Amino acid sequence: MLKHTRTAIISILVASSLSMGTRTATADSKLPDPATAGFAEKLYRLDCGHSLANDESVWTPGENVGRSIEFSSTCWLIRRRGEWVLWDTGVPQASLNDPKGWSTLPKLIVYHLDKSITGQLAEIGLKTSDITYVALSHTHGDHIGNVGLFPNSTILMQRVEYTWISSPDGANDNVNQLKALARKLLGTPKQLQLLDGDTDVFGDGSVTLISTPGHTPGHQSLLVHLKNSGFIILSGDVAHSEGNFEKDMVPSLNTDKAASIASMDRVRRMMATYQAKLFINHDKTQSDMLKLLPAFYD
Ligand SMILES: [Zn+2]
(Lines give C-alpha, C1' and ligand atoms only; values in the text may rest on other atoms or scores of the structure.)
Protein backbone atom coordinates (compact mmCIF):
# COMPACT_ATOMS: atom_id res chain seq x y z
CA MET A 1 0.00 0.00 0.00
CA LEU A 2 2.71 2.42 1.04
CA LYS A 3 4.86 1.50 -1.96
CA HIS A 4 1.93 1.89 -4.34
CA THR A 5 1.10 5.28 -2.86
CA ARG A 6 4.65 6.55 -3.13
CA THR A 7 4.86 5.45 -6.75
CA ALA A 8 1.60 7.20 -7.55
CA ILE A 9 2.63 10.43 -5.87
CA ILE A 10 6.01 10.42 -7.56
CA SER A 11 4.34 9.91 -10.96
CA ILE A 12 2.11 12.88 -10.24
CA LEU A 13 5.13 14.96 -9.29
CA VAL A 14 6.98 14.08 -12.46
CA ALA A 15 3.97 14.64 -14.71
CA SER A 16 3.19 17.97 -13.08
CA SER A 17 6.73 19.29 -13.12
CA LEU A 18 7.04 18.51 -16.82
CA SER A 19 3.91 20.37 -17.74
CA MET A 20 3.87 23.21 -15.23
CA GLY A 21 7.44 24.03 -14.23
CA THR A 22 7.62 26.56 -11.41
CA ARG A 23 4.84 28.87 -12.52
CA THR A 24 2.96 28.60 -9.25
CA ALA A 25 5.66 30.37 -7.27
CA THR A 26 6.24 33.21 -9.67
CA ALA A 27 2.68 33.85 -10.84
CA ASP A 28 1.52 35.13 -7.47
CA SER A 29 3.76 37.13 -5.18
CA LYS A 30 1.95 35.93 -2.05
CA LEU A 31 3.36 32.44 -2.58
CA PRO A 32 6.90 31.93 -1.31
CA ASP A 33 9.92 31.56 -3.54
CA PRO A 34 11.04 27.99 -2.79
CA ALA A 35 14.68 29.08 -2.79
CA THR A 36 14.34 31.87 -0.22
CA ALA A 37 11.33 30.93 1.95
CA GLY A 38 11.78 31.17 5.73
CA PHE A 39 11.33 28.19 8.03
CA ALA A 40 8.92 27.11 10.72
CA GLU A 41 10.72 25.14 13.44
CA LYS A 42 8.31 22.37 14.34
CA LEU A 43 5.20 20.69 12.99
CA TYR A 44 3.18 18.44 15.31
CA ARG A 45 0.26 16.19 14.39
CA LEU A 46 -2.58 16.07 16.91
CA ASP A 47 -5.15 13.29 17.00
CA CYS A 48 -8.40 15.23 16.60
CA GLY A 49 -10.75 12.26 16.27
CA HIS A 50 -11.74 9.45 13.94
CA SER A 51 -15.00 8.62 12.29
CA LEU A 52 -17.01 5.86 10.69
CA ALA A 53 -19.22 6.65 7.68
CA ASN A 54 -21.78 4.15 6.44
CA ASP A 55 -21.56 4.91 2.71
CA GLU A 56 -18.20 5.67 1.17
CA SER A 57 -19.82 6.59 -2.15
CA VAL A 58 -20.69 10.02 -0.73
CA TRP A 59 -16.94 10.70 -1.05
CA THR A 60 -16.39 8.53 -4.15
CA PRO A 61 -19.53 9.08 -6.30
CA GLY A 62 -20.38 5.99 -8.31
CA GLU A 63 -18.02 3.75 -6.35
CA ASN A 64 -18.09 1.96 -2.99
CA VAL A 65 -21.88 2.27 -2.59
CA GLY A 66 -23.01 1.14 0.86
CA ARG A 67 -19.47 0.35 1.99
CA SER A 68 -18.38 1.75 5.34
CA ILE A 69 -15.20 3.80 5.62
CA GLU A 70 -13.11 5.01 8.52
CA PHE A 71 -11.59 8.49 8.43
CA SER A 72 -9.03 10.18 10.64
CA SER A 73 -9.49 13.76 11.87
CA THR A 74 -6.20 15.57 12.15
CA CYS A 75 -5.09 18.90 13.59
CA TRP A 76 -1.62 20.34 13.15
CA LEU A 77 0.40 22.62 15.37
CA ILE A 78 3.21 24.76 14.01
CA ARG A 79 5.86 26.60 15.96
CA ARG A 80 7.59 29.54 14.34
CA ARG A 81 9.90 31.81 16.39
CA GLY A 82 8.03 31.31 19.65
CA GLU A 83 4.58 31.73 18.09
CA TRP A 84 2.13 28.90 17.58
CA VAL A 85 -0.33 28.26 14.76
CA LEU A 86 -3.02 25.62 15.18
CA TRP A 87 -4.39 24.29 11.90
CA ASP A 88 -8.00 23.10 12.39
CA THR A 89 -9.50 22.16 15.74
CA GLY A 90 -11.18 18.79 15.16
CA VAL A 91 -14.15 17.11 16.79
CA PRO A 92 -15.67 18.93 19.81
CA GLN A 93 -13.85 17.95 22.95
CA ALA A 94 -17.16 17.59 24.84
CA SER A 95 -17.51 14.27 23.01
CA LEU A 96 -14.28 12.89 24.50
CA ASN A 97 -14.64 9.15 25.16
CA ASP A 98 -18.41 9.30 24.58
CA PRO A 99 -19.35 5.82 23.34
CA LYS A 100 -22.27 7.29 21.36
CA GLY A 101 -19.90 9.59 19.51
CA TRP A 102 -20.73 12.90 17.83
CA SER A 103 -21.96 13.71 14.38
CA THR A 104 -22.12 16.42 11.75
CA LEU A 105 -24.67 14.46 9.70
CA PRO A 106 -26.15 11.76 11.98
CA LYS A 107 -27.49 9.55 9.17
CA LEU A 108 -24.10 9.45 7.49
CA ILE A 109 -21.14 9.72 9.83
CA VAL A 110 -20.27 9.37 13.53
CA TYR A 111 -17.08 10.72 15.09
CA HIS A 112 -15.21 9.55 18.15
CA LEU A 113 -12.60 11.40 20.14
CA ASP A 114 -10.01 9.55 22.24
CA LYS A 115 -7.73 12.49 23.07
CA SER A 116 -8.55 16.10 23.90
CA ILE A 117 -6.83 19.01 22.19
CA THR A 118 -6.10 20.64 25.56
CA GLY A 119 -4.56 17.40 26.87
CA GLN A 120 -2.33 17.08 23.80
CA LEU A 121 -1.22 20.72 24.06
CA ALA A 122 -0.44 20.14 27.74
CA GLU A 123 1.78 17.19 26.81
CA ILE A 124 4.23 19.70 25.32
CA GLY A 125 3.68 22.32 28.00
CA LEU A 126 1.17 24.53 26.19
CA LYS A 127 -2.11 26.11 27.22
CA THR A 128 -4.80 27.16 24.75
CA SER A 129 -3.88 30.79 25.51
CA ASP A 130 -0.38 30.15 24.06
CA ILE A 131 -1.81 29.71 20.55
CA THR A 132 -1.37 32.91 18.52
CA TYR A 133 -3.33 31.85 15.43
CA VAL A 134 -6.04 29.30 14.85
CA ALA A 135 -6.21 28.80 11.08
CA LEU A 136 -9.30 27.03 9.72
CA SER A 137 -9.28 25.04 6.49
CA HIS A 138 -13.08 25.39 6.32
CA THR A 139 -16.17 25.48 8.50
CA HIS A 140 -17.30 21.85 8.63
CA GLY A 141 -17.96 20.84 12.23
CA ASP A 142 -15.17 18.26 12.42
CA HIS A 143 -12.67 21.06 11.68
CA ILE A 144 -14.05 23.85 13.87
CA GLY A 145 -15.39 21.81 16.78
CA ASN A 146 -13.05 23.43 19.32
CA VAL A 147 -12.69 27.01 18.09
CA GLY A 148 -14.44 28.11 21.29
CA LEU A 149 -11.47 26.87 23.35
CA PHE A 150 -9.29 29.60 21.83
CA PRO A 151 -11.04 32.90 22.61
CA ASN A 152 -7.81 34.90 22.64
CA SER A 153 -6.29 33.49 19.46
CA THR A 154 -6.67 35.21 16.11
CA ILE A 155 -8.91 33.08 13.90
CA LEU A 156 -7.73 32.98 10.28
CA MET A 157 -10.30 32.02 7.67
CA GLN A 158 -11.33 33.02 4.18
CA ARG A 159 -13.87 35.84 3.91
CA VAL A 160 -16.00 33.93 1.38
CA GLU A 161 -16.23 31.01 3.79
CA TYR A 162 -17.47 33.26 6.58
CA THR A 163 -20.05 34.88 4.29
CA TRP A 164 -21.16 31.53 2.89
CA ILE A 165 -22.22 29.95 6.21
CA SER A 166 -24.73 32.77 6.69
CA SER A 167 -26.00 32.70 3.10
CA PRO A 168 -29.52 31.40 2.28
CA ASP A 169 -29.98 27.61 2.19
CA GLY A 170 -29.60 25.81 -1.13
CA ALA A 171 -30.98 22.56 -2.59
CA ASN A 172 -28.65 20.11 -0.79
CA ASP A 173 -30.05 19.57 2.68
CA ASN A 174 -26.84 17.96 3.96
CA VAL A 175 -24.96 21.14 3.01
CA ASN A 176 -27.64 23.28 4.71
CA GLN A 177 -27.25 21.25 7.90
CA LEU A 178 -23.46 21.64 7.78
CA LYS A 179 -23.84 25.44 7.43
CA ALA A 180 -26.20 25.65 10.41
CA LEU A 181 -23.78 23.62 12.54
CA ALA A 182 -20.89 25.83 11.39
CA ARG A 183 -22.69 29.00 12.57
CA LYS A 184 -23.31 27.39 15.95
CA LEU A 185 -19.76 26.09 16.48
CA LEU A 186 -17.99 29.19 15.19
CA GLY A 187 -20.10 31.63 17.19
CA THR A 188 -18.71 35.16 17.12
CA PRO A 189 -14.93 34.95 17.50
CA LYS A 190 -13.41 37.90 19.37
CA GLN A 191 -10.45 38.14 17.03
CA LEU A 192 -11.44 37.18 13.54
CA GLN A 193 -9.16 37.89 10.60
CA LEU A 194 -10.93 37.35 7.29
CA LEU A 195 -8.64 36.60 4.35
CA ASP A 196 -9.00 37.18 0.63
CA GLY A 197 -7.07 34.36 -1.04
CA ASP A 198 -3.49 33.19 -0.44
CA THR A 199 -1.97 34.61 2.73
CA ASP A 200 1.61 34.52 3.98
CA VAL A 201 0.98 34.37 7.74
CA PHE A 202 4.39 35.61 8.95
CA GLY A 203 5.52 37.40 5.79
CA ASP A 204 8.55 35.13 5.31
CA GLY A 205 7.12 32.18 3.37
CA SER A 206 7.33 29.79 6.33
CA VAL A 207 3.56 29.34 6.76
CA THR A 208 1.29 30.17 3.83
CA LEU A 209 -2.47 29.71 3.52
CA ILE A 210 -3.40 28.57 0.03
CA SER A 211 -6.82 29.15 -1.45
CA THR A 212 -8.27 25.76 -2.55
CA PRO A 213 -12.04 26.29 -2.91
CA GLY A 214 -14.55 23.65 -3.99
CA HIS A 215 -15.10 21.46 -0.94
CA THR A 216 -16.62 24.65 0.47
CA PRO A 217 -16.53 28.11 -1.14
CA GLY A 218 -13.73 29.42 1.07
CA HIS A 219 -11.75 26.25 1.64
CA GLN A 220 -8.00 26.65 2.11
CA SER A 221 -4.93 24.43 2.51
CA LEU A 222 -1.65 25.24 4.24
CA LEU A 223 1.94 25.21 2.99
CA VAL A 224 4.57 24.82 5.72
CA HIS A 225 8.33 25.09 5.20
CA LEU A 226 10.64 23.17 7.54
CA LYS A 227 14.42 23.02 7.54
CA ASN A 228 14.85 19.24 7.46
CA SER A 229 11.50 18.05 6.09
CA GLY A 230 11.19 20.68 3.35
CA PHE A 231 7.77 21.85 2.21
CA ILE A 232 4.66 20.09 3.45
CA ILE A 233 1.11 20.83 2.27
CA LEU A 234 -1.66 20.23 4.81
CA SER A 235 -4.69 19.33 2.74
CA GLY A 236 -7.67 20.48 4.72
CA ASP A 237 -10.39 18.65 2.76
CA VAL A 238 -9.07 19.45 -0.73
CA ALA A 239 -9.12 15.64 -1.00
CA HIS A 240 -10.21 12.97 1.50
CA SER A 241 -7.72 10.26 0.56
CA GLU A 242 -4.70 9.62 -1.60
CA GLY A 243 -6.94 7.57 -3.90
CA ASN A 244 -9.41 10.43 -4.36
CA PHE A 245 -6.58 12.86 -4.98
CA GLU A 246 -4.99 10.63 -7.61
CA LYS A 247 -8.31 10.12 -9.40
CA ASP A 248 -9.73 13.68 -9.06
CA MET A 249 -12.76 12.30 -7.18
CA VAL A 250 -15.11 14.94 -5.83
CA PRO A 251 -17.41 14.13 -2.87
CA SER A 252 -21.10 14.82 -3.42
CA LEU A 253 -21.11 17.17 -0.41
CA ASN A 254 -18.65 19.54 -2.09
CA THR A 255 -20.18 22.86 -3.10
CA ASP A 256 -18.40 23.17 -6.48
CA LYS A 257 -17.13 20.19 -8.49
CA ALA A 258 -15.14 22.14 -11.10
CA ALA A 259 -13.48 24.28 -8.42
CA SER A 260 -12.67 21.11 -6.43
CA ILE A 261 -10.87 19.60 -9.42
CA ALA A 262 -9.04 22.88 -10.10
CA SER A 263 -7.93 23.02 -6.46
CA MET A 264 -6.58 19.46 -6.56
CA ASP A 265 -4.72 20.41 -9.72
CA ARG A 266 -3.34 23.49 -7.99
CA VAL A 267 -2.07 21.34 -5.11
CA ARG A 268 -0.42 18.96 -7.58
CA ARG A 269 1.36 21.87 -9.26
CA MET A 270 2.50 23.19 -5.90
CA MET A 271 3.80 19.75 -4.92
CA ALA A 272 5.96 19.90 -8.04
CA THR A 273 7.10 23.48 -7.52
CA TYR A 274 7.98 23.01 -3.86
CA GLN A 275 8.88 19.29 -4.00
CA ALA A 276 6.25 19.13 -1.26
CA LYS A 277 4.66 16.21 0.54
CA LEU A 278 0.88 16.22 0.94
CA PHE A 279 -0.57 15.23 4.33
CA ILE A 280 -4.26 14.39 3.90
CA ASN A 281 -6.37 15.16 6.98
CA HIS A 282 -8.95 12.38 6.69
CA ASP A 283 -6.81 9.66 5.09
CA LYS A 284 -6.57 7.30 8.05
CA THR A 285 -4.10 4.93 6.41
CA GLN A 286 -1.73 7.80 5.68
CA SER A 287 -2.30 9.63 8.98
CA ASP A 288 -1.63 6.52 11.07
CA MET A 289 1.86 6.37 9.54
CA LEU A 290 2.75 9.99 10.34
CA LYS A 291 4.46 11.22 13.50
CA LEU A 292 2.12 12.07 16.38
CA LEU A 293 2.67 14.63 19.17
CA PRO A 294 4.94 14.73 21.17
CA ALA A 295 6.99 13.65 18.12
CA PHE A 296 7.27 16.35 15.45
CA TYR A 297 8.61 17.21 12.03
CA ASP A 298 11.34 19.85 11.88
ZN1 LIG B 1 -15.08 19.05 5.20
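Going by the structure above, here's the rest.
Being a predicted model, the structure only gives us computed values, none of them experimental. (Residues numbered from 1 in each chain as written. Predicted model: local features only at pLDDT ≥ 70, side-chain atom pairs only at ≥ 80, totals over all residues. Heavy atoms only, no water.)

Asks: For this particular structure, what's the right way to read the coordination of the zinc ion?
Replies: Metal coordination angles have textbook ideals: 109.5 degrees for a tetrahedral set of four donors and 90 or 180 degrees for an octahedral set of six. Listed as protein donors to the zinc ion are H138 (NE2), H140 (ND1), H215 (NE2) and D237 (OD); their distances from the metal cover 2.1 to 2.3 Å. What the 4 donor atoms of the zinc ion show is an angle range of 88 to 176 degrees at the metal, which sorts the shape as irregular. Each donor residue of the zinc ion lies on one chain, and together they are spaced H-x1-H-x74-H-x21-D. Residue H140 is located in the loop between strand 5 (133-135) and helix 4 (141-144), and its partner H215 is located in the loop between strand 9 (207-211) and strand 10 (220-226); the two are separated by 75 residues in the primary sequence. Considered together, H140 and H215 belong to a single accessibility category, that of buried residues. (Donors = N, O, S within 2.8 Å, 3.2 Å for Na, K, Ca; no water. Tetrahedral: all angles 85-135°; square planar, octahedral: opposite > 155°, others 65-115°. Helix = DSSP H or I, 4+ residues; strand = E, 2+ residues; numbered from the N terminus. Buried < 20%, exposed > 50% of the residue type's maximum accessible area, 1.4 Å probe, protein only.)

Asks: Help me understand empty space enclosed by the protein, please; the structure alone is not making it clear to me.
Replies: Once rolled over the atoms, a probe with the size of a water molecule shows which space is left empty. Under the defined criterion, the tally for this structure stands at 1 cavity of 30 Å³ or more. A volume near 140 Å³ is recorded for the largest cavity. Along its surface, the largest cavity is lined by 16 residues, and W59, Y111, H140, D142 and L253 are the ones closest to its centre. Taken together, the residues that form the lining of the largest cavity break down as 8 nonpolar, 6 polar and 2 charged. (1 Å grid on protein atoms, 1.4 Å probe; cavity = no way out; pocket = protein on both sides within 12 Å on 5 of 7 lines; lining within 4 Å. Points joined across faces, edges and corners; volume = space filled by probe spheres on them. Nonpolar A, V, L, I, M, F, W, Y, C, P; charged D, E, K, R; others polar.)

Asks: Which parts of the structure should I look at to understand the state of the cysteines?
Replies: Between two cysteines, a covalent bond joining their sulfur atoms is known as a disulfide. According to the stated counting rule, one finds 1 disulfide in the structure shown. Paired by a disulfide, C48 and C75 hold their sulfur atoms 2.0 Å apart. Measuring the twist about the S-S bond at about -120 degrees, one finds the C48-C75 disulfide to be left-handed. Of the two residues, C48 is situated in strand 1 (residues 42-53) and C75 in strand 2 (residues 69-80); the sequence distance between them amounts to 27 residues. The same class applies to C48 and to C75, which are both buried. (Disulfide = S-S within 2.5 Å.)

Asks: What's the story with the nonpolar core in this structure? I'm lost.
Replies: One broad rule of soluble globular proteins: the nonpolar side chains tend to lie buried together. Counting residues in hydrophobic clusters, the biggest one holds 24 residues, and the most contacted among them are L46, L77, L86, I117, L121, I131 and L136. Residue assignment for this core shows that the elements contributing at least two residues are strand 1, strand 2, strand 3 (83-87), helix 3 (117-123), strand 6 (154-158), helix 5 (159-165) and helix 6 (173-186). Those residues in contact with I117 that lie beyond four places of it in its chain are L46, C48, C75, L86, T89, Q93, N146, L149 and F150. Formed by 22 residues, the second largest nonpolar core is a distinct cluster that contains V85, V201, L226 and I232. (Core = buried A, V, L, I, M, F, W, Y, C linked by side-chain atoms within 4.5 Å. Contact = heavy atoms within 4.5 Å.)

Asks: Would you mind showing me how to read helix 8 (residues 257-274) here?
Replies: For helix 8, which comprises 18 residues, the first-to-last C-alpha distance of 26 Å matches the rise-based estimate of 26 Å (1.5 Å per residue) to within 8%. Residues A259, S260, S263, M264, R266, V267, R268, M270, M271, A272, T273 and Y274 constitute the buried set of helix 8. Two or three places before A258, at the opening of helix 8, D256 has a side-chain oxygen 3.1 Å from that residue's backbone nitrogen. Within two residues after helix 8, Q275 carries a phi angle of roughly 50 degrees, on the positive side. (Expected span 1.5 Å × (residues − 1). Polar contact = N/O pair within 3.5 Å; in protein donor to acceptor, adjacent residues only side chain to side chain.)

Asks: Can you help me understand the packing of aromatic side chains in this one?
Replies: Here the distance between the centres and the angle between the planes together describe a pair of aromatic rings. Scanning the entire structure with this criterion turns up 8 aromatic pairs. Summarising the aromatic geometry, the rings of Y44 and F296 are spaced 5.3 Å apart at their centres and angled 55 degrees between planes, so their arrangement reads as tilted. In this pair, Y44 is assigned in strand 1 and F296 in the segment after helix 9 (284-287), connecting sequence segments 252 residues apart. Measuring from centroid to centroid gives 4.7 Å for F231 and Y274, while their planes differ by 55 degrees, and the two rings are tilted. Pair noted here: F231 is in strand 11 (residues 230-234) and Y274 is in helix 8, with a separation of 43 residues, a long-range link. Given the relative accessible area of 4%, F231 is considered buried. A relative accessible area of 3% means that Y274 is categorised as buried. Members of the aromatic cluster, joined through ring pairs, are Y44, W84 and F296. The aromatic ring of F245 is capped on one face by R268, whose charged end is 5.1 Å from the ring centroid. (Phe/Tyr/Trp six-rings, centres within 6.5 Å; stacked < 30°, edge-to-face > 60°. Lys NZ or Arg CZ within 6 Å of the ring centre and 35° of its normal.)

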